[in-house]
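So the chains spell out like this:
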Amino acid sequence: NLFASKVNYSESKTIIVNPGFIDMLPLRKWDTENYIELVNLLLQKFPTVRIIITGRQDEMAQSERFEERLTDKTRVINFCGKTSVRQLLTLYSRASLLIATDSGVAHFASITSIFSVVLFGPETPVLYQPLTRNSKVIYKNLPCSPCYNVYNNRVSPCRDNLCLKTITVTEVFAAVLKVIDS
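Residues numbered from 1 in each chain as written. Predicted model: local features only at pLDDT ≥ 70, side-chain atom pairs only at ≥ 80, totals over all residues. Heavy atoms only, no water.

Brief notes about the pairing of strand β2 (residues 50-53)
For clarity, the cut-off: With a 1.4 Å probe rolled over the protein chains alone, any residue whose accessible area is under 20% of its type maximum counts as buried; one over 50% counts as exposed, and the rest are partly exposed. Numbered from the N terminus, helices here are DSSP runs of H or I no shorter than four residues, and strands are runs of E no shorter than two. Criterion used throughout: strands pair if DSSP finds at least two bridges between them. Consider the strands pointing away from the viewer: the crossover is right-handed when the path from the first strand over the helix to the second runs clockwise.
Neither face of β2 is left uncovered, since the one carrying Arg-50 and Ile-52 and the one carrying Ile-51 and Ile-53 both have all their residues buried. Here strand β1 (residues 14-18) runs beside β2; their pairing, made up of four bridges, is parallel. Counted as the bridge partner of Val-17 is Ile-53 from β2. With helix α2 (residues 32-45) bridging β1 and its parallel neighbour β2, the resulting β-α-β unit is right-handed. Examined bridge by bridge, β2 and strand β3 (residues 76-78) share three bridges and lie parallel to one another. Counted as the bridge partner of Ile-53 is Asn-78 from β3.

In structure tokens, the structure reads:
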């Protein structure tokens, strides 16, 4: 069993991070450097936490480069491209927290009991936030956002996603702390 051999759930909290290395809608991407900084902060703050990196098969190379930049690789498991949807749902059911941008990942997770921190930018959480009480949305609500919607077929003139760039690692870390403490 892929999960049983890698994660001892009784030993520590498990946080899933889905950096979305390749997003079909690039404006929805939070910078990979931010995810690296966030994961390193989590590893430093919580000495027993385990981090699981998830993603698609075509993101494996990026996930390996990502993993190389983490401070404590012994507590990081890279499942990028190694899980089926069914296995992901099982993983969400067993983990404590998911951190991701607005994507299918956050919506799949909402059918389980996992808590999530979901970053929104070019789309509005008013319409698209995960349908669960266990989700904390971070959204800047800039005047130019949302710029993706059903009326423009998700085609935006924007070339600089300030809506996500203005979400800081400190903000996301604070949201994660709030979820973990509750």
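Re unusual backbone geometry
With an omega of 5 degrees, the peptide bond between Ser-145 and Pro-146 qualifies as cis. Along the chain, Pro-146 falls in the loop between β6 (135-138) and α7 (162-165). Unlike most non-glycine residues, Asn-141 shows phi in positive territory, near 55 degrees.

Let's talk about the environment of Thr-132
For the record, the criterion: In the analysis that follows, any N or O atom pair within 3.5 Å is treated as a polar contact, provided that within protein one partner can donate a hydrogen and the other can accept it, and provided that, for residues neighboring in sequence, both atoms belong to side chains.
By the secondary structure assignment, Thr-132 is in the loop between α6 (125-128) and β6. By relative accessible area, which is 21% here, Thr-132 ends up partly exposed. Spatially, the C-alpha atom of Thr-132 lies 16 Å from that of Ser-182, the residues being 50 residues apart in sequence. At a separation of 3.1 Å, a polar atom in the side chain of Thr-132 contacts the main-chain amide nitrogen of Asn-134.

Comments concerning the packing of aromatic side chains
Our working definition: Two aromatic rings from Phe, Tyr or Trp, using only the six-membered ring of Trp, form a pair when their centres are within 6.5 Å; if the ring planes differ by under 30 degrees the pair is stacked, by over 60 it is edge-to-face, and anything between is tilted.
Overall, the coordinates contain two aromatic pairs when judged by the stated rule. Between Phe-21 and Phe-66, the ring centres sit 5.5 Å apart and the planes meet at 70 degrees, which makes this aromatic pair edge-to-face. Placement of Phe-21 in the loop between β1 and α2 and of Phe-66 in helix α3 (residues 60-68) is noted, with a sequence separation of 45 residues between them. By relative accessible area, Phe-21 is classed as buried at 9%. Aromatic side chains Trp-30 and Tyr-35 sit 4.9 Å apart centroid to centroid with 85 degrees between the ring planes, which places their arrangement in the edge-to-face category.

Focus on the pairing of β1
Of all the five residues making up β1, five are buried; the element is thus mostly covered by neighbouring parts of the structure. Every second residue of β1 is oriented toward a common face, with Thr-14, Ile-16 and Asn-18 on one face and Ile-15 and Val-17 on the other, all of them buried. As paired strands, β1 and strand β4 (residues 97-101) are joined by four bridges and run parallel to one another. Bridged to Ile-16 within β4 is Leu-98.

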